[in-house]
Amino acid sequence: MSASLDQKPFEITITRPDDWHVHLRDGEALERVVAHTAFQFGRAVVMPNLKPPVTTTEQALAYKGRILSALAASNHPDQNKVSSFEPLMTLYLTDTTAPQELERAHAAGVVAVKLYPFGATTNSDSGVTDIRKTYPALEALQRLGMPLLIHAEVTDPSVDLFDREAVFIDKHLVAIRKDFPELKIVIEHITTLEAAQYVQDGDSHLAATITAHHLLYNRNAIFTGGIRPHYYCLPVLKRETHRLALVKAATSGSSKFFLGTDSAPHAAHLKEHASGCAGCYTAFSAMELYAEAFDAVGAMDKLEAFASFNGADFYGLPRNVGKITLRRESCQMPESLAFGNAKLIPLRAGESLQWRFVV
Ligand code: NCD
Ligand code: ZN
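Here the structure is a predicted model, which means the values were calculated and not measured. (Residues numbered from 1 in each chain as written. Chains lettered and ligands numbered in written order. Predicted model: local features only at pLDDT ≥ 70, side-chain atom pairs only at ≥ 80, totals over all residues. Heavy atoms only, no water.)

Moving on, we come to helix α12 (residues 303-315). Over its 13 residues, α12 runs 18 Å from end to end, which matches the ideal 18 Å to within 8%, given 1.5 Å per residue. Of all the bends in α12, the greatest measures close to 40 degrees and is centred on Phe309. Most of α12 is tucked away: 10 of the 13 residues are buried. Within α12 the residues assigned to the buried category are Leu303, Phe306, Ala307, Ser308, Phe309, Asn310, Gly311, Ala312, Phe314 and Tyr315. (Helix = DSSP H or I, 4+ residues; strand = E, 2+ residues; numbered from the N terminus. Expected span 1.5 Å × (residues − 1). Bend = angle between axes of the 7 residues up to and from the residue. Buried < 20%, exposed > 50% of the residue type's maximum accessible area, 1.4 Å probe, protein only.)

So this is what it looks like as structure tokens:
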């Protein structure tokens, strides 16, 4: 990708964006990361894969309270802005999630439910073992008009890691959509040409989020000059043809694709490990990274709909009213961020960004 540094300074002001997929964690980790997301985004869909997972309305509301308290205590230089952030809560779907629980959640303002296949990713031990077991819950979601968010990867060890998303679509998603044609579904963090095409060809009940890292990097990043754990996430980065398909989808102007960072903080020592955790931390510079990906293909005019309109429209929520400004200007990323007694290594640590988040 060619840098744009030889061009004139350029600023773009867009409606305040939302992040439709983020991991804010809990406790001290939450306190360290929450303001990064709240500074850039008006709202974020907060993933429920805590330990233990957020499976009830009561837990979701308690978690929301902890997020808001952490924000209030964050001492961010722009406290007004971060205090206006709204966390959108989700429930973690299990084999036994009751329709009544989903009714309660819906009434309490929980916006969506997340399906993790058992064993697919970080904290998925309570995930779904057989999608058929969740059919009463899916029926309730369809009736309530509440989106089902899917980590769309099979976990069958005989399926190659790089094929797990495409196989999930063929093996499970086609059947779910046939059995629940009115169910709103978001395929989270799509990584393949197959997924992008499947979403593009689907009806208005189907959409997808796309991360900044899957728009900017292919799987070579994980192996360049040695193994690079900070580029390891799930679903894993794919080959260049897939990255190009994702860029095309995100910048196509289609309302079916929207921003979801999947920013997933892990302490550096747990990623730089013999069995390192999956997850890239992008919340600190999320909009700068998306701007770079859109700018690289001359599609800055498509960024606002992707980042600020399409997700809200799909969820049936109002669009944000505030604005943000990004400037094409090189700036340096820190080597690491504070993370309690540990360190957090953000994507691009110690390297430069091509865009700056101005305000
Ligand atoms: C996420 C996490 O760490 O919670 N990790 C990741 O690689 N994306 C879980 C997830 O979204 O799969
Ligand atoms: Zn995630």
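Turning our eyes to something else, we now look at empty space enclosed by the protein. Across all of its chains, the model carries 1 cavity of 30 Å³ or more by this definition. Roughly 130 Å³ of internal volume is contained in the largest cavity. Considering the residues around the largest cavity, the lining is formed by 18 residues, among which His23, Thr121, Leu234, Asp262 and Ala264 are closest to the centre. (1 Å grid on protein atoms, 1.4 Å probe; cavity = no way out; pocket = protein on both sides within 12 Å on 5 of 7 lines; lining within 4 Å. Points joined across faces, edges and corners; volume = space filled by probe spheres on them.)

Every one of the 15 residues lining ligand 1 counts as a neighbour, but Asn49, Thr121, Leu234, Asp262 and His266 are closest to it. In this structure, Thr122 approaches ligand 1 through a side-chain N or O atom, which is 3.1 Å from an oxygen atom. Here a nitrogen atom of ligand 1 and a side-chain polar atom of Asp262 are 2.7 Å apart. For ligand 1, whose free accessible area comes to 310 Å², the fraction covered by protein is 100%. Because more than half of its atoms lie within 2 Å of the grid, ligand 1 is assigned to the largest cavity. Class assignment of the residues belonging to the shell around ligand 1 gives a composition of 4 nonpolar, 9 polar and 2 charged. (Near = heavy atom within 4 Å. Polar contact = N/O pair within 3.5 Å; in protein donor to acceptor, adjacent residues only side chain to side chain. Areas by Shrake-Rupley, 256 points an atom, 1.4 Å probe, with all protein chains shown as cover. Sits in = over half its atoms within 2 Å of the grid points. Nonpolar A, V, L, I, M, F, W, Y, C, P; charged D, E, K, R; others polar.)

Ligation of the zinc ion (ligand 2) by protein atoms is provided by His21 (NE2), His23 (NE2) and Asp262 (OD), these donors lying 2.0 Å from the ion. Metal-centred angles of 92 to 144 degrees between the 4 donor atoms at the zinc ion (ligand 2) mark the site as irregular. Accessibility expressed as a relative area gives 5% for Asp262, which makes it buried. (Donors = N, O, S within 2.8 Å, 3.2 Å for Na, K, Ca; no water. Tetrahedral: all angles 85-135°; square planar, octahedral: opposite > 155°, others 65-115°.)

We now examine the layout of surface pockets. The calculated volume of the largest pocket comes to roughly 480 Å³. Contributing to the lining of the largest pocket are 20 residues, with Arg25, Asn49, Leu50, Lys51 and Asn123 lying nearest its centre. Here the residues of the lining of the largest pocket are counted per class, giving 11 nonpolar, 5 polar and 4 charged.

Attention now moves to the pairing of strand β10 (residues 323-332). Summarising the sheet, strand β1 (residues 11-15) and β10 pair through 5 bridges and their orientation is antiparallel. Looking at β10, one finds that Ile12 is bridged to Leu326. Of the pairings in the sheet, the one linking β10 to strand β13 (residues 352-357) comprises 5 bridges and is antiparallel in character. Each bridged residue has a counterpart across the sheet, and for Cys331 the counterpart in β13 is Leu353. (Pairing = 2+ DSSP bridges.)

It is worth spelling out unusual backbone geometry at this point. Of note, the bond from Lys51 into Pro52 is cis; its omega dihedral lies within 30 degrees of zero at -5 degrees. If you trace the backbone, Pro52 turns up in the loop between β3 (43-46) and α2 (57-72). With an omega of -10 degrees, the peptide bond running from Leu234 to Pro235 counts as cis. Within the secondary structure, Pro235 is located in the loop between α8 (212-216) and α9 (240-250). The phi dihedral of Asn75 is positive, around 55 degrees, even though this residue is not glycine. Structurally, the position occupied by Asn75 is in the loop between α2 and α3 (79-83).

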